[in-house]
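Secondary and tertiary structure notes
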Amino acid sequence: MAPDPLTPPRRRALTDLRAKSLPRDDPERLTTHLRTVHDAVVQLEVRIGAAGVIATEPMFWTVVRVAALLHDSGKIAELFQRQLEPGGGPWGERHEVLSLAYVDLLAQAAGWSGQERLLIATLVASHHRPLHAASSLGGGKPALSRLYNGRTHWEDAFGHVHGPDGRRPQVPRGLHQELLAWLAGFLGTEPVPPGPNEPVLGDRARLLLQEVLNAWRLPVKAHRGLLAVLAQGALTLADHAGSAHVDLQTHMPLPTDYLARLPYTPHRHQQQAAETTGHLVLIAPTGSGKTEAGLAWAAAQLSAMSGLPRLVWTLPYRASLNAARRRFQSILQPAVGESHPDIGLLHGALARTLLTEALEDDGCCGPTKDDARKARARANAMRLFTQRLRVATPHQLLAAAIAGPTHSSVLLEQANSLFVLDELHAYDPETFGRLCAAMRLWEQLGSRIAVLSATLAPPLLAIVDESLQQPVTCHRAEPGTAPVRHRLVVDDFALMHQDSVARLEDWLDEGHSVLVVANTVATAQELFAVLADHARQHRPDASDAALLLHSRFKNRDRDAIEIRLLRRHRERWPDEPRHRGGLVVATQTVEVSLQLDFDRGAVENAPVEAVAQRAGRVNRRGLHPDGPVEFRVHRAESHRPYDSGAVDAAWSALTTLVAEGVSTLSEQDIDRLLALAYDTDWGHGWATRARQARDGFTTEFLTFTDPFHDRTEHAKNLGERFDTVEVLHRDDAQEYRELAVGKEADPLLAAGLLIPLRYGQLKIYNATFDRALGIHLIDGQYDPVLGLRPPAEPETIL
């Protein structure tokens, strides 16, 4: 039976106060929650310490710990406690505003400075909602400045409860004194005895809230704003961890002696990477142990940095994340008692949904059927932060630019971390520039960066170097590290031309394993339809004789295809038979993280870096019995999805190289191709666009001069800048709902249903945004072998 708000309340003791409505049989006590969140801040301090800009504020962690202790003290309110009871009605006020009264009371007792008092109050007030609305009409939840202002009746909101026998205090005196004494005791102080004209709690909250709102109404210096956002991130992350009852992991799957554990004598560039302290750029050919070199660098930094640094390995394509995660799970060290190392991975769309859900609290409504869902979301969101090694895309990391209560925790977690940017060359100039802006911010946060690439043109290297303040060490693999593996042929015919198709069929007839890489999903699907049956005829006993891989599969289907690919087309061993057979048609998703090896390769012309990466999947280690094998680059019928200038520059460079009599594709040949391509109007323009994107992104997104204004619109703008979005087929909506937030929720399984698309493609697939799920739903023809295709055109009767 629902409690009657007019019924006189029973007298509560401190031990009766609850912070949550769960678990139902014994909801969490308020003092327990405050202590748990305080202890979670201590865990964060152990992990991050005084890294980077945090070191400039010696009281940073002290202030956050105090804010954690006080952040929910306003839940003492009688009507808040009643709403937590079964059937309880909504209070309608924000508990964090009433919490400010306790900040004010304890500031006197603890003797905080004015600056410390203001920051503690700011963190307490802003841990669920922005202080101020954005200047634009868009935004998320109402800001506190809109909820509490000159029109607010503070006495009705926080002073008394109106009942049939008159007014009763919202916070009874005895209970108030009991909580105040407990808080003061935790802080090692004594409450200040009340004077004769002491303001009531509601007035204290009103005056301090006004002080907080005034302090952050106008832009502040960037340094102060960044520290404030980091402190907000520390409190919200600790609150999430405390609510989810999840501890931050201390085990690092990457051992500090990683290089010594390699089963072979390290290459010179791997040794150099392990000997580098600080930022690194490593340029080494595909198949030369570049990933191992990056891990060796990271392992060396772990010993030199304070705290418990996190390692974040970034890849350009979402389609590559699961393959990288599986690889790390197979080569790194699990914690004691675990069978596999815990490598963090959560796809962007689901991560945003879980973070948003985790932010929801009991502050404005009573127990509902959604409480359990919110609790599961908090627990699952914490999987974003607990692990010390994570695989991610840059878009997921740059979500920290959104800041605010939802994403400031993402920004904090980028402090005292190691970032490995694998295959940095794969980005367009705008994305490359934004990443360089992020590198500059990460450096401010005390983090270190390594850039790994098989092909990094001089202009790109120069932009990375100038974006960072600390020295950047650059190492290159020694000439000859990789043998000459390819005979280069430049073909004027398109891949779909009948002569090109006939040649591919001849290769299959000869027993070769063949890789065909197209630039678009549609071309790849078309080629696969033409060639698949021919490949299967030559390998009728092989279920994987023909495979198609591109980005427009559900994540779980693509994972299964990748596993089959790696099993069927693994790296060649010495003395292995010449003919392996089989066909793979793919897009650029095959270029990163997949250690594949084919006998022959035919690809569409693309930017030089992409062509080189595609070549790296053919005769990967140069162990084919024939020596260098044929690798054909076909003229592309369209530049899409690349910049036309990049495709034209690559074709000009390739034809120039062939005209000079070069018939191979060695490391030196690739360097020559890069030099030719970037020494063009397109190349010079590329560098200019990258620098403009870096500086513009810093100004618009990474300068936190309004740290507590609503930045919800930044989320939409950021996604559109990256032109990337994860979508869900309408047929999978119910299954996704159960996997994302149901009783048996598993975020990784839910993410398995998502399909990456570009924003510009949403209209093609009749996309609509489902607010409840926080994701776009699409139509289209889906097949686990062919992937997603546009909806069929409706038949018409004339």
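Read on for a plain summary of the structure.

**Focus: the overall build of the protein chain**
From N to C terminus, the protein chain includes 29 helices and 20 strands. Across the protein chain, every contact between residues at least 6 apart in sequence was considered, and the portion connecting residues at least 24 apart equals 78%. Surface exposure of the protein chain reaches about 30,800 Å², of which carbon and sulfur atoms provide 51%.

**Things to note about the sheet that holds strand β12 (residues 583-586)**
Strands belonging to one sheet form pairs held by backbone hydrogen bonds; the direction of such a pair is parallel or antiparallel. One open sheet holds the six strands; their spatial order is β9-β14-β13-β10-β12-β11, and the pairing between them is parallel. Each edge of the open sheet carries a strand with a single partner, namely β9 (486-491) and β11 (546-549). Between one strand and the next, the sheet's axes are offset by a mean angle of 15°, whatever the strand orientation. The pairing of β9 with strand β14 (residues 629-634) spans six bridges and is classified as parallel. Paired with Val489 across the two strands is Arg632, which belongs to β14. Sheet strands touched by helix α24 (residues 644-659): β9 and β14. Its angle to β9, the strand with the most contacts, is close to 115°.

**Description of the pattern of salt bridges**
With the rule as written, the count across this model stands at 45 salt bridges. In this structure, Glu562 and Arg326 form a salt bridge, with 2.9 Å as the shortest nitrogen-oxygen distance. Of the two residues, Glu562 sits in helix α22 (residues 555-568) while Arg326 sits in helix α13 (residues 321-331), which places them 236 residues apart along the sequence. Among the charged side chains, a salt-bridge network with shared partners connects Asp104, Arg117, Glu198, Arg204 and Glu211.

**A word on the nonpolar core**
In terms of nonpolar packing, the biggest core is built from 179 residues, with Phe432 and Met439 touching the most fellow members. A total of eleven residues in this core trace back to one element, the largest contributor, which is helix α10 (residues 222-244). Residues contacting Met439, with those up to four places away along its chain left out, are Leu421, Leu424, Ile449, Val451, Val464 and Leu468. With 34 residues, the next largest nonpolar core counts Leu295, Trp313, Leu418 and Ala450 among its residues.

**A short note on helix α5 (residues 114-125)**
The terminal C-alpha atoms of α5, which comprises twelve residues, lie 16 Å apart, in line with the 16 Å expected from a rise of 1.5 Å per residue. With respect to burial, α5 is a largely interior element, ten of its twelve residues being buried. When α5 is considered as a whole, its buried residues turn out to be Glu116, Arg117, Leu118, Leu119, Ile120, Ala121, Thr122, Leu123, Val124 and Ala125. Each element contacted by the buried residues of α5 is listed here: α2 (60-70), α4 (95-110), α6 (144-147), α9 (201-215) and α10.

**Quick notes on the side chain of His95**
Examined against the element boundaries, His95 turns out to sit in helix α4. One polar contact links His95 to Asp72, side chain to side chain, over a distance of 2.9 Å. Within polar-contact distance, the side chain of His95 engages the side chain of Glu96 at 3.5 Å.

**Quick word on the pairing of strand β7 (residues 448-453)**
Put simply, side chains in a regular strand alternate between the two faces of the sheet. Of all six residues making up β7, six are buried, and the element is well covered by its neighbours. Here strand β3 (residues 279-283) pairs with β7 via four bridges, running parallel. Residue pairing for β7: Leu282 is matched across the bridge by Leu452. Note on the crossover from strand β6 (residues 417-422) through helix α18 (residues 429-444) to β7: the handedness is right-handed.

Calculation rules
Residues numbered from 1 in each chain as written. Predicted model: local features only at pLDDT ≥ 70, side-chain atom pairs only at ≥ 80, totals over all residues. Heavy atoms only, no water. Helix = DSSP H or I, 4+ residues; strand = E, 2+ residues; numbered from the N terminus. Contact = heavy atoms within 4.5 Å. Areas by Shrake-Rupley, 256 points an atom, 1.4 Å probe, with all protein chains shown as cover. Pairing = 2+ DSSP bridges. Axes fitted to C-alpha atoms, helices over the stretch in contact; angles between N-to-C directions. Salt bridge = Lys/Arg side-chain N within 4 Å of Asp/Glu carboxyl O. Core = buried A, V, L, I, M, F, W, Y, C linked by side-chain atoms within 4.5 Å. Buried < 20%, exposed > 50% of the residue type's maximum accessible area, 1.4 Å probe, protein only. Expected span 1.5 Å × (residues − 1). Polar contact = N/O pair within 3.5 Å; in protein donor to acceptor, adjacent residues only side chain to side chain. Right-handed = clockwise from strand over helix to strand, strands pointing away.

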